[in-house]
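Take a look at the letters that make up each chain.
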Amino acid sequence: MSLGLFLAQALTGLASAATLFLVSVGLSLVFGITRVVNFAHGAFFMVGAYVGYTLTNYFAASDALSYWLCVVAAAVIVGAIGMAVELLLMRRMYKVPELFQLLATFAVSLLIDDILPIIFGPEDLLAPRVRSLRGGIDLFGARMPVYDLYMIAAAAIVLLLLYIAITRTRWGVLIRAATQDRDMVGALGVNQAWLFTGVFTLGVFLAGLAGALQLGRTSANLGMGTSAITEAFVVVVIGGMGSVTGALVAAILIGELSALGVAYFPQLNLVLMFLIMAAVLAVRPSGLFGKPEALTRQHEFSDEPPLRAISRPLAFAAIALLALLTIAPAVLGTYGLSVVVDVMIAIVFAGSLYLILGPGGLVTFGHACYFGVGAYAVALGIRYAGLSFASALVLAPLAASLFALAFGWLSVRVSGVYFAMLTFALAQIVWSVVFQWYDVTGGDNGLIGLWPTSLSPLVFYFVTLALTAGSIAILGWIPHSALGYALRVTRDSPARAAAIGIDVRLVRLFAFVIASLFAGLAGGLSAFAKGSVFPTAISIGRSIDGLVMVLMGGVESIAGPVVGAAMFYLMQTEILRYTDRWRLVLGVLIILIVLVFPKGVVGSISQRLRGEESR
Amino acid sequence: MTSSPLLEVSGLVARYGKARVLDGLDLTVNRGETVAILGRNGAGKSTLMKCIIGLITEKTGSIRFNGAEIATLPPYKVSRAGIGYVPEERRIFTELTVRENLEVGRLRGRSNTRWPLDRIIEIFPNLKRLLDRPGAQMSGGEQQMVTMARTLLTGPDLILLDEPSEGLAPVIVDQMAGMIRDMQASGLSILISEQNMRFASKISQRAYLLERGEIKFSGPMQTIATNQELYHAHLAV
Amino acid sequence: MTPQHPTAPLLQVRDLLVRYGETLAVNGVSLDVEAGKLIAIIGPNGAGKSTCFNAISGQRPPNAGEVLLDGKSISGLLPETIFSLGVGRTFQVTATVPTMTVRENVQVALISYHRRTFSPWVSARRLYREEADRLLELIGMTGQRDRACGVLAYGDLKRLELAIALANAPRLLLMDEPTAGMAPAERNELMALVARLAADRGIGVLFTEHDIDIVFSLAHRIVVMNRGQLLATGTPDVIRADPRVQEIYLGRDDHTGSAEKQPS
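These numbers were taken from a predicted model, which means no experiment stands behind them.

(A) Structural detail: the packing of helix H13 (residues 334-357) of chain A against helix H23 (residues 559-578) of chain A. Residues and elements named next belong to chain A. One can describe the packing of H13 onto H23 by two numbers: an axis separation of 8 Å at closest approach and a directional angle of 135 degrees. On the basis of their axis angle, the class for H13 and H23 is oblique. Handedness of the H13/H23 crossing: right-handed. Every residue of H23 that contacts H13 at Val339, Asp342, Val343, Ala346, Ile347, Ala350, Gly351 and Tyr354 is listed here: Pro561, Val562, Ala565, Ala566 and Tyr569. Residues of the contact of H13 with H23, tallied by class, amount to eleven nonpolar, one polar and one charged.

(B) View of the sheet that holds strand S6 (residues 83-86) of chain B. Residues and elements named next belong to chain B. Within the open sheet, the six strands sit side by side as S6-S7-S8-S3-S9-S10. Their pairing is mixed. One side of each edge strand has no neighbouring strand; the edge strands of this open sheet are S6 and strand S10 (214-220). The sheet shows a mean angle of 15 degrees between the axes of neighbouring strands, taken without regard to direction. Pairing between S6 and strand S7 (residues 158-162): four bridges, direction parallel. Considered in S7, the bridge of Ile83 is made with Leu158.

(C) Examining the pattern of salt bridges more closely. Inspection of every chain in the model, using the stated rule, returns 27 salt bridges over all chains. A salt bridge links Asp114(A) to Arg583(A), with the nearest nitrogen and oxygen atoms 3.3 Å apart. A residue pair is termed long-range when its members are at least 10 positions apart, and Asp114(A) in helix H4 (residues 98-120) and Arg583(A) in helix H24 (residues 582-596) qualify at 469 residues. The exposure class of Asp114(A) is buried, given its relative accessible area of 2%. Judged by its relative accessible area of 35%, Arg583(A) falls in the partly exposed class. Between Glu69(B) and Arg64(B) there is a salt bridge, with the nearest N and O atoms lying 3.7 Å from each other. Under the relative-accessibility criterion, Glu69(B) is labelled partly exposed at 32%.

(D) The arrangement of the nonpolar core in detail. In terms of nonpolar packing, the biggest core is built from 305 residues, with Met277(A), Phe365(A), Leu7(B), Ile83(B), Leu191(B), Leu160(C) and Leu162(C) touching the most fellow members. In terms of residue count, the dominant contributor to this core is H13(A) (16 residues). Among all residues touching Phe365(A), those that are not within four sequence positions of it are Phe39(A), Leu99(A), Leu102(A), Leu103(A), Ala420(A), Thr423(A), Phe424(A), Ile540(A), Ser543(A), Ile544(A) and Leu547(A). Counting residues in each nonpolar core, the second largest holds 42 residues, with Phe124(B), Leu153(B), Met183(B) and Ala200(B) among its members.

(E) Broad picture of the sheet that holds strand S10 (residues 229-234) of chain C. All names here are of chain C. Across the sheet, which stays open at both edges, the six strands sit in the order S6-S7-S8-S3-S9-S10 with mixed pairing between neighbours. Because the sheet does not close on itself, it has two edges, and the strands there are strand S6 (87-90) and S10. Sheet twist, expressed as the average angle between the axes of neighbouring strands with direction ignored, equals 15 degrees. Pairing of S6 with strand S7 (residues 172-176), which is carried by four bridges, proceeds in the parallel orientation. Looking across to S7, one finds that Val87 is bridged to Leu172. Helix H1 (residues 49-57) rests against strand S3 (38-42), S6, S7, strand S8 (204-208) and strand S9 (221-226) of the sheet, and its axis sits at about 150 degrees to S7.

(F) Molecular detail of the environment of Ser119(C). Within the secondary structure, Ser119(C) sits in the loop between helix H3 (102-113) and helix H4 (129-138). Here the alpha-carbon distance between Ser119(C) and Leu135(C), two residues 16 residues apart in the chain, equals 23 Å. With near-sequence residues (within four places) excluded, Ser119(C) lies in contact with Ser481(A), Ala482(A) and Leu483(A). At 3.0 Å, the side chain of Ser119(C) and the backbone oxygen of Arg116(C) are in polar contact.

Calculation notes
Residues numbered from 1 in each chain as written. Chains lettered and ligands numbered in written order. Predicted model: local features only at pLDDT ≥ 70, side-chain atom pairs only at ≥ 80, totals over all residues. Heavy atoms only, no water. Axes fitted to C-alpha atoms, helices over the stretch in contact; angles between N-to-C directions. Helix = DSSP H or I, 4+ residues; strand = E, 2+ residues; numbered from the N terminus. Parallel < 35°, antiparallel > 145°, perpendicular 65-115°, else oblique. Left-handed = near helix turned anticlockwise from the far one by under 90°. Contact = heavy atoms within 4.5 Å. Nonpolar A, V, L, I, M, F, W, Y, C, P; charged D, E, K, R; others polar. Pairing = 2+ DSSP bridges. Salt bridge = Lys/Arg side-chain N within 4 Å of Asp/Glu carboxyl O. Buried < 20%, exposed > 50% of the residue type's maximum accessible area, 1.4 Å probe, protein only. Core = buried A, V, L, I, M, F, W, Y, C linked by side-chain atoms within 4.5 Å. Polar contact = N/O pair within 3.5 Å; in protein donor to acceptor, adjacent residues only side chain to side chain.

Here's what the structure looks like:
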């Protein structure tokens, strides 16, 4: 590679770093002061692009000046939307548990995901070309898009202004003080609420700015939000939450790595990103410039009652349900059976997530990864190794637990929101690999025609029923086991766990792998049930579905995810009959759960039944 | 002149988790008065301070300041009502310079005629040469001055000093007594918690003896300082 | 005179040093704990007592100095390793598991001690149940063993802390403010129990304590810390008579350490 080409690649990398920095610095600043990880941050980035598109079109911005004005105006509009979201929703969220904060901000991104195509349509939108910003310049014999240089300059200007605002203004002083000690700032007479609103607005403004700037490089499209938030998470995990310097350094690192990676090892690009993240976390779990987090107790479940032996009525209900499902094929037709199979698969998936979320107290946003790995293990096994139904079904949980071992080893080094972000980013990396590795996975087209000709639907139904019953029995059992007890200690009192000789990370890893094994089994079953596998099996959407199922049911016992999964599945099917705006409905539903039913349906009912006894 | 006390705490109960740290506390501070809360470690002195400023919300009972109920207000409103809080751990913003630490306390929009910066630097002359020093690079005594100055900038009528002498060398403690006298001379009311009785007795008129969350005795500082029985029962080793 | 105990003390701390950034939280502290003896650390807030404690139990590795258990160095080991060597500890702010019953809290400590943590197939309900019940009987909590920890009174939680710390049959007990937040009667009862256990089982106890009455009535030896340094060590009588100790508690006096001086 010539010097010119290398330089051009390096500059392209810097231009990508500019976007990464603008997105992640806002995320990081908001977290530093409010301790909330804003999952909707990527969606605001996307809104920036769409609003920018609208403005440049409306004003027919054909010269550079009007183009830049449109970009800045788009950022201001997005910032105003962010301010509205902070005032209406976020303000109610600062006191609720982490999981709900993450879910609520994710719900905002779901709303945005569904509202944008209503307004702008599903197609990718290309902003009008501004001649003076297009084209390239010659750099040691290689051509370099001139717009990339503008991007770098824009990020540099923002960095400079941000630096001045943070170091030279009263507002910046308050931000830095509140990032270190919020309570003391309050005790000195500063109303933090407006500080939070200001920082949130600024963060969203920067995300919108990055999105609008993106118009000069690519079209506005509906996938850009998710990829932006993934990369931003990688950046803040590497750089350290709350650190502007960290965001800058990590953005440059990732931007350059991607650009040069594309040039030198096009296939390994995403794997490289994973390796860097692994290397940084292995040495510094809180990121390059982050502060180590204290081992804090997860307060979410501290008022849960002690586990009880499975009660007689519940056991009776389970047996009755099992009997009912055994005779179901006599009544139900093929379609009915396939619905029941789908519900059972959802139950196994939600049940496996329950183990991590309930007794484990760890919030994962990447559980779909292990479901998808199981599904793809079946598909690839059948397609390339000619595996039988049985051996493919064994391979699924095995493959999922191997991935869980590697990813879990990394993830259990952190806890709280870091765990959520890391599991999410790891799952997205796997998703991207599957999506891009067209030759092997079929990319977006998936792998189809997986149903073995020798397999009868009735046999498959009973296999699924047996495996579901067994999985739920095991997943419901584990909390009652020695491991389950240790796991609950790591959740409720990490300091106590260490003092009585429990290796917190190892216990968490063990539970993580077991849970992923069952998620993989569910994925394997789903590959057969559908006869096909698509990248959506690994998508964040599926992880969120799982979280909503568990939360709808409640995290206090295995009955929660079972009821929640069934309810969720049937509701989804019903709603999809009337509208395809499912994400809109789901987003509203999540916000309702968070604000009204924080204990889940089963949890709320059982709390009511317990009445005053536990208080 | 109104005759009602500046600060009036009654029936204050505070819990830390399940432990009752304050158990039905009554206390008053009059205008222009300096009142000491004496007691050993763990008696509940810091908890009392945090309850008044509003950092502890899990509490019952009444806290009236200038006649208005403030027990349910968030810290920033208590501060704006005119109460300054100097915490035991000092809680300097270590990543900010001294000047910036002071800036956090400076009230904007509300004129602070009683405590302009020059006046504060008169009381704490050492601050002048420290202004650009990072908060992390200061001795305990310097930190104590910064946190007191920062609090004065909020323009308080009453200041809560939580164990200001703790961990300081005797010379510095003496200096601090002088600074507190300067503050008193400006009409500031002070509620000070101390384990160091000698120091407390130099600056306060009245005192409460706090033990295990309850007031065991209250009266003129003189009485406590000279009453051996009280002293041995509640303070001495 | 012939030495009565030729063996080394159970715990030896030598020149312990813990740094937080620029400040020396613990600066060159040395102390011994013998089997069967109660040793108290006292001192004003911020004297470095808790830091000293955390350095011994592994929560915060020391920057310099040595911690020897039975003559073998344990400094810098992980808390879970130190636990397995026979060191139990209680926390100042209780760290029990609110979502488990009293008995389960003890059971899970026993499960860990017997290395059964990674047994997903073993039911925890009956595991070491009798052993847990014996410990609960010892601290007088038999009647409460099936109650959720989250609904217990604070004093009971403090007692439970002791039962949990005893689960690994410790030779050394580290108790950080074992009676903070308890009612006076409960305090005496709990510490009398600790003293009895120490004597019966030959457990060495190192504790910090606010309640001066307890310290002076039960400790065999008192270690006084001030601003990270060791100020004095000795029997309660020696410490009570030491003017320097009075001074750090009461402030400097120009004449003597006597208490009845008039304020200037």
